[in-house]
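# Fold and contact review
Take a look at the letters that make up each chain.
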Amino acid sequence: MKTRIGTTGALVAAAWALPYGLGSYTIHVVDIALIYALLAIGMGLAMGISGQVNLAQVAFFGVGAYTVAILTTGYGHGFWTAALLAVLASVVTGLFVGVPALRMQSHYLGIVTLGLALGFINWITNAEVTGGADGISGVPGPTLPGIDLSSEYLYYYLEAVVFGLALVFGLFVVRTSLGRRLRAMRDDSLAAGAMGAEIPLLRMTAFLLASLYGGLAGVLYAGLIRYVAPETFSIGNMFILLAMVIIGGRRSLVGCVVGAVGLTLVREWLSDFSTYAQLGYGVVVVLMVVFAPTGLAGVPDRLRGVYERRRGRQSVRAELRPFTPYPPVERADGGGDVLLTVEGVTQQFRGLRALDEVSLTVDAGEIRGIVGPNGSGKTTLFNVISGFYRATAGTVRFAGADTTTARPYALSLAGVSRTFQNLRLFGQLTVRENVLVALDRSRTWTIWQYVLWQPGVWAHERRLRARADEVLERFGLSDFAGADPTSLPYGIQRRIEIARAMAAEPRLLLLDEPAAGLNGEEVRQLIGVVRSIRDSGTTVILIEHNMGLVMNLCEKVTVLSSGSVIAEGTPQEVVAAPEVIEAYLGESDLAEIGMDAPGTADRPGRPQEATS
Ligand code: ADP
Ligand code: MG
């Protein structure tokens, strides 16, 4: 903490002293560099933090700059009024450009946003109101009482203040609830949705942030240069901006700033050789993508990793500690209320009927087993219940409400939580952050607090962190709180997924093959965990191949085969049912069904190497 205050103080002092040593041309370059740094932060927030490929940043920049130019020269507004409206116009543009992100992602989104940027460039080059190819000159600069902002030295201080606030705000977003959700969405939008994140709103928020920074940069640019023309907002500049973000490190806002300032300086320095320079940037970007995908910002971490491996030093000894059971609750009514009803659900994938009129009811307080051969539709049933798939026919009712068409985030907020057959942890988040995403039950609209009531954001954050530590402690994961989850053994990752699902304090927990890849001891621990979860009042539905586990845990088992329910009853009943024996015959050895086999059957697609 002390060193952080020291570093910040030193940076502020350096920023304050900077203009004293610089010539008039150099300060101009620095002013430009700060504007690009703002643009790069916006890019970083959308692309690096939120995973939304945004190639329209120059358009947000342009809307900001042109709005100021048009409103001041054409409509006689003062600079500050125009600036406010310009940022608003830019944000509105950002929301418009973000709409395609609701339907498409990755390179498709890149192409669409690039297309929209091209459309904008075409428009400013040809329209009358934008002055066509000549642009608009004579933009009045900003004025402040007692400060002559026409001096580029003093303008630097205006920029530095805006930039400093914008950077701090960006870092604040990244390190708290909103940023964590954006990063979770980037890593795995399906899992983030299942943890209560409103994905469509978050995607729009990513574009809102990008355009906010783009608009601010545009306003500062118009005030500095007092002249706007299409070439500043060209596709060529869009690629330079992309290069800044990739070279600096898109996942780190500070990296984006370093990339922007560095490349602006290099570009000035090479301005006499601009054609070769463009080629050079391209080569550097390719090399970065291949050899240092996390950019300059990721280099210290990589070096540390190499150093530690050379020294042969293992990270601190960490172990999975025993699970601390939840305090059991006495059910007043002895359970028995229906919590989930699935009625005649059919799920059709083109020619394949993955579920065929499946009906089942699960009582509150039950541990229900779902078994069946591979491909019989078990995971599909979970996907329907948790809102990932919309059933082709039939209804799902949860806790008395019709949830057939509810979105995953809504079901998560209503009390359905799940794990995934093929582990879907947020790979770039720490174990603690994975749990924090699920703990965070706030709705996306509460992000107004980021602008108007930051103490509210902090208070919420502190509460979440305290509870995250409790959850980690209970699940014996405290040693791994700061670890990268995908680097951990398979058994621990399964435990983290259950901890994350339980962090949402669900009424219904869906476990999709939780014992897959676990060893005998881990399976025994899992049985204790699931029992305790149920005794604490959470209903559990469990898909499992390990019949030993099912016999041990479940009071009632539903057997699926080729998408239909073929049997239902106690484990002993269904194992003896002729339909079940027949369904399993083609698949595996009959003896395996009744056996208390630890671990899992050897099935394709199972990452065996992680079994430990
Ligand atoms: P299980 O979990 O019982 O092994 P699944 O529910 O994963 O089986 O799959 C049931 C069937 O539905 C399989 O044949 C699978 O290939 C198919 N299926 C599942 N999801 C999809 C999808 N999104 N698109 C097309 N087919 C799917
Ligand atoms: Mg499955």
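Residues numbered from 1 in each chain as written. Chains lettered and ligands numbered in written order. Predicted model: local features only at pLDDT ≥ 70, side-chain atom pairs only at ≥ 80, totals over all residues. Heavy atoms only, no water.

### Digging into the layout of surface pockets
Defined as follows: Lining residues are those with an atom within 4 Å of a point, where the points come from a 1 Å grid over the protein atoms alone and group into cavities, where a 1.4 Å probe fits but cannot get out, or pockets, open sets with protein on both sides within 12 Å along at least five of seven lines. Grid points are joined across faces, edges and corners, and a volume is the space filled by probe spheres set on the points. Helical segments are the DSSP runs of H or I of at least four residues, strand segments are the runs of E of at least two, and each set is numbered from the N terminus. Three classes are used: nonpolar for Ala, Val, Leu, Ile, Met, Phe, Trp, Tyr, Cys and Pro, charged for Asp, Glu, Lys and Arg, and polar for all others, with Gly counted as polar.
If you add up the space inside the largest pocket, you get close to 1,500 Å³. Forming the walls of the largest pocket are 36 residues, and the residues nearest its centre are Thr8, Leu11, Gly164, Leu167 and Val168. Broken down by secondary-structure element, the contributors of at least two residues to the lining of the largest pocket are helix H1 (2-17), helix H2 (24-49), helix H6 (152-175), helix H11 (253-269) and helix H18 (454-474). Considering each element in turn, the lining of the largest pocket owes the most residues, twelve residues, to H6. Among the residues making up the lining of the largest pocket, the classes are represented as 28 nonpolar, five polar and three charged. For the second largest pocket, the calculated volume is near 1,100 Å³. Residue lining of the second largest pocket: 34 residues in total, with Thr294, Ala297, Gly298, Asp301 and Gln428 positioned closest to the centre. Elements represented by at least two residues in the lining of the second largest pocket include exactly H6, helix H7 (177-187), H11 and helix H13 (295-310). In terms of residue count, the dominant contributor to the lining of the second largest pocket is H13 (nine residues). Partitioning the lining of the second largest pocket into residue classes produces nine nonpolar, 13 polar and twelve charged.

### Some thoughts on the domain arrangement of the protein
Here is the rule: Just so you know, the domain bounds were taken from an automatic or database domain assignment. Contacts are assigned to residue pairs with any non-hydrogen atoms lying within 4.5 Å of each other. Buried area: the accessible area, evaluated with a 1.4 Å probe, that two parts lose upon being put together, summed over both parts. A carboxyl oxygen of Asp or Glu within 4 Å of a side-chain nitrogen of Lys or Arg is what we treat as a salt bridge. Nitrogen and oxygen atoms within 3.5 Å of one another constitute a polar contact, given that in protein one can donate a hydrogen and the other can accept it, and given that sequence-neighbouring residues count only through two side-chain atoms.
Taken domain by domain, the protein consists of domain 1 (21-303), domain 2 (333-415 + 506-612) and domain 3 (431-504). In this complex, domain 1 contributes eight residues to the contact, which on the side of domain 2 involves five residues. Here domain 1 meets domain 2 over a buried area of about 500 Å², counting both sides, of which 71% is carbon and sulfur. In this assembly, domain 1 and domain 2 are joined by zero salt bridges. For the pair domain 1 and domain 2, the number of links is three residue pairs in polar contact (both at pLDDT 80 or more). Here the element with the most residues in the side of domain 1 that touches domain 2 is helix H8 (residues 189-194); it accounts for three residues. In terms of residue class, the side of domain 1 that touches domain 2 is built from five nonpolar, two polar and one charged.

### Describing empty space enclosed by the protein
Taken as a whole and judged by the stated rule, the model has three cavities of 30 Å³ or more. Counted as a void, the largest cavity has a volume near 100 Å³. Along the lines of polarity and charge, the residues of the lining of the largest cavity split into six nonpolar, two polar and three charged. What the second largest cavity holds in volume is close to 40 Å³. Residue lining of the second largest cavity: Ala194, Ser386, Pro408, Leu411, Ser412, Val416, Ser417 and Arg418, and that is the complete set. Counting residues per element, the ones that place at least two in the lining of the second largest cavity are helix H15 (408-414) and strand E8 (416-418). Counted by class, the lining of the second largest cavity contains four nonpolar, three polar and one charged residues.

### Let's talk about the site of ligand 1
Rules: Here, proximity means that at least one heavy atom of the residue falls within 4 Å of the molecule or strand. Per-residue and other accessible areas follow the Shrake-Rupley method at a 1.4 Å probe size, with only the shown protein chains counted as cover for residues.
Lining the immediate surroundings of ligand 1 are Phe349, Leu352, Ala354, Pro373, Asn374, Gly375, Ser376, Gly377, Lys378, Thr379, Thr380 and Tyr389. Contact between ligand 1 and glycine 375: an oxygen atom at 2.8 Å from a main-chain N or O atom of the residue. The side chain of threonine 380 places a nitrogen or oxygen atom 2.5 Å from an oxygen atom of ligand 1. Relative to its free-state accessible area of 560 Å², ligand 1 is covered by the protein chains to the extent of 64%. Among the secondary structure elements, those contributing two or more residues to the shell around ligand 1 are strand E4 (352-363) and helix H14 (378-385).

### Comments concerning the coordination of the magnesium ion (ligand 2)
The following threshold applies: Coordination here is defined by N, O and S atoms within 2.8 Å of the metal (3.2 Å for Na, K and Ca), and since water is not considered, a site can look incomplete.
In this structure, Thr379 (OG1) and Gln421 (OE1) serve as the protein donors to the magnesium ion (ligand 2), at separations of 2.0 to 2.1 Å. Taken together, the positions of threonine 379 in helix H14 and glutamine 421 in the loop between E8 and helix H16 (431-439) put the pair 42 residues apart, joining distant regions of the chain.

### What to know about the packing of H7 against H16
Convention followed: In this analysis an axis means a line fitted to C-alpha atoms, helices contributing only their contacting stretch, and an angle means the value between N-to-C directions, from 0 to 180 degrees. In this scheme, roughly parallel covers angles under 35 degrees and roughly antiparallel covers those over 145, while 65 to 115 is roughly perpendicular and the rest are oblique.
Interhelical geometry of H7 versus H16 gives an angle of 105° and a closest axis separation of 10 Å. It follows from the interaxial angle that H7 and H16 lie roughly perpendicular. Across from Arg180, Arg183 and Ala184 in H7, the residues of H16 making contact are Glu433, Leu436 and Val437. Its residues assigned to classes, the contact of H7 with H16 shows three nonpolar, no polar and three charged.

### Here we look at the packing of aromatic side chains
Stated formally: Ring pairs are drawn from Phe, Tyr and Trp, using the six-membered ring of Trp, whenever the two centres fall within 6.5 Å, and their geometry is named by plane angle: stacked under 30 degrees, edge-to-face over 60, tilted for the rest. We call a charge positioned above a ring when the Lys NZ or Arg CZ atom is no farther than 6 Å from the ring centre and deviates by at most 35 degrees from the ring normal.
Inspection of the entire model under this criterion finds 16 aromatic pairs. One residue, arginine 474, lies across the ring of tyrosine 326, its end atom 4.4 Å from the ring centre. The ring of phenylalanine 426 has arginine 500 lying over it, and the distance from NZ or CZ to the ring centre is 4.7 Å.

### Digging into the sheet that holds strand E5 (residues 367-371)
Selection rule: Should DSSP find at least two bridges between two strands, the strands are regarded as paired.
A sheet is described by the order of its strands in space; here six strands give the open sequence E8-E9-E10-E5-E11-E12, paired in mixed fashion. Of all the strands in the sheet, the pair left with one neighbour each is E8 and strand E12 (564-569). Neighbour-to-neighbour, the strand axes of the sheet open up by a mean angle of 20°, direction not taken into account. As defined by bridge partners, strand E11 (residues 556-561) adjoins E12 across five bridges and the pair is classed as antiparallel. Residue pairing for E12: threonine 558 is matched across the bridge by glutamate 568.

### What about H18?
We count it as follows: A helix is expected to reach a length of 1.5 Å times the quantity of its residues less one. Exposure is judged per residue with a 1.4 Å probe applied to protein chains only, and the accessible area is read against the type maximum: over 50% gives exposed, under 20% gives buried, and values in between give partly exposed. Think of the arc as the fan of directions from the helix axis to the C-beta atoms.
A rise of 1.5 Å per residue sets the reference length of H18, with its 21 residues, at 30 Å; its end C-alpha atoms lie 31 Å apart and thus fit the reference within 8%. Among the residues of H18, those classed as buried are Gly456, Val457, His460, Glu461, Leu464, Ala468, Val471 and Leu472. Take H18 and look down its axis: the buried residues cluster within an arc of 125°, on one side only. Away from its buried face, by an angle of more than 90 degrees, H18 presents the exposed residues Arg462, Arg463 and Glu470.

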